[in-house]
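Each chain, letter by letter, is given below.
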Amino acid sequence: MRSTRIAISAAMLGALALPLLSAPTASAATVSTVATASSCYNLPPLPYTVHTKAVTIRSKASVKSTSLGILYRGHKFTVHKTSGNWHYITDKTTGVKGWVSGTYVYRDVRMCLD
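In this text the structure is predicted, and so the values were computed from the model without any measurement. (Residues numbered from 1 in each chain as written. Predicted model: local features only at pLDDT ≥ 70, side-chain atom pairs only at ≥ 80, totals over all residues. Heavy atoms only, no water.)

Right, let's talk about the overall build of the protein chain for a bit. Scanning the protein chain for helices and strands turns up 2 helices and 7 strands. Tracing the protein chain from N to C terminus, the helices and strands come up as α-α-β-β-β-β-β-β-β. Counting over 114 residues, the protein chain shows a buried share of 20%. Surface summary for the protein chain: the accessible area is close to 8500 Å², and the carbon and sulfur share equals 62%. (Helix = DSSP H or I, 4+ residues; strand = E, 2+ residues; numbered from the N terminus. Buried < 20%, exposed > 50% of the residue type's maximum accessible area, 1.4 Å probe, protein only. Areas by Shrake-Rupley, 256 points an atom, 1.4 Å probe, with all protein chains shown as cover.)

Take a look at the structure:
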């Protein structure tokens, strides 16, 4: 009885190992796709986005300056320059230009593998 259990166990192990041994080898197309996807330094930077419900657009880089408008989550905007933790932006929807705090907006980043 004991030898039967060993034989079944060996057969089960052989069946589990079989797919690993018969796996196809990597093709040149797969390797070149990975190399192309990992080279991301030459791509343009990702856009900025608002990561809170809303952020105030201000006339100067200060919380005490005049409010010019509001950027809501999902608004599209362009950052022209940065000063400390403030970004001078243009709201693409309304055309309003002003400063927003970098505390409430961020730029997505890519992870390059090379």
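Having put the structure on the table, let's press on.
What follows deals with the side chain of Ser65. Looking at the secondary structure, you find Ser65 in the loop between β2 (54-58) and β3 (67-72). Given the relative accessible area of 11%, Ser65 is considered buried. A polar contact is formed between the side chain of Ser65 and the backbone oxygen of Lys60, at a distance of 3.0 Å. A polar side-chain atom of Ser65 sits 2.8 Å from the main-chain carbonyl oxygen of Ser62. (Polar contact = N/O pair within 3.5 Å; in protein donor to acceptor, adjacent residues only side chain to side chain.)

What follows is about the nonpolar core. Judged by nonpolar contacts, Tyr48, Val50, Val55, Ile57, Leu71, Phe77, Ile89, Val100 and Val105 together constitute the single largest core of 9 residues. Going through the elements one at a time, β1 (48-50) and β2 are the ones with two or more residues in this core. Dropping the residues within four chain positions of it, Leu71 is found in contact with Val50, Lys53, Ala54, Val55, Ile57, Phe77, Ile89, Asp91 and Val100. (Core = buried A, V, L, I, M, F, W, Y, C linked by side-chain atoms within 4.5 Å. Contact = heavy atoms within 4.5 Å.)

On to the environment of Ala61, then. Assignment of secondary structure puts Ala61 in the loop between β2 and β3. Ala61 gets classed as partly exposed once you look at its relative accessible area, which sits at 34%. In this structure the C-alpha to C-alpha distance between Ala61 and Ser101, which are 40 residues apart in sequence, comes to 7.6 Å. Setting aside residues up to four positions removed in sequence, Ala61 forms contacts with Trp86 and Trp99.

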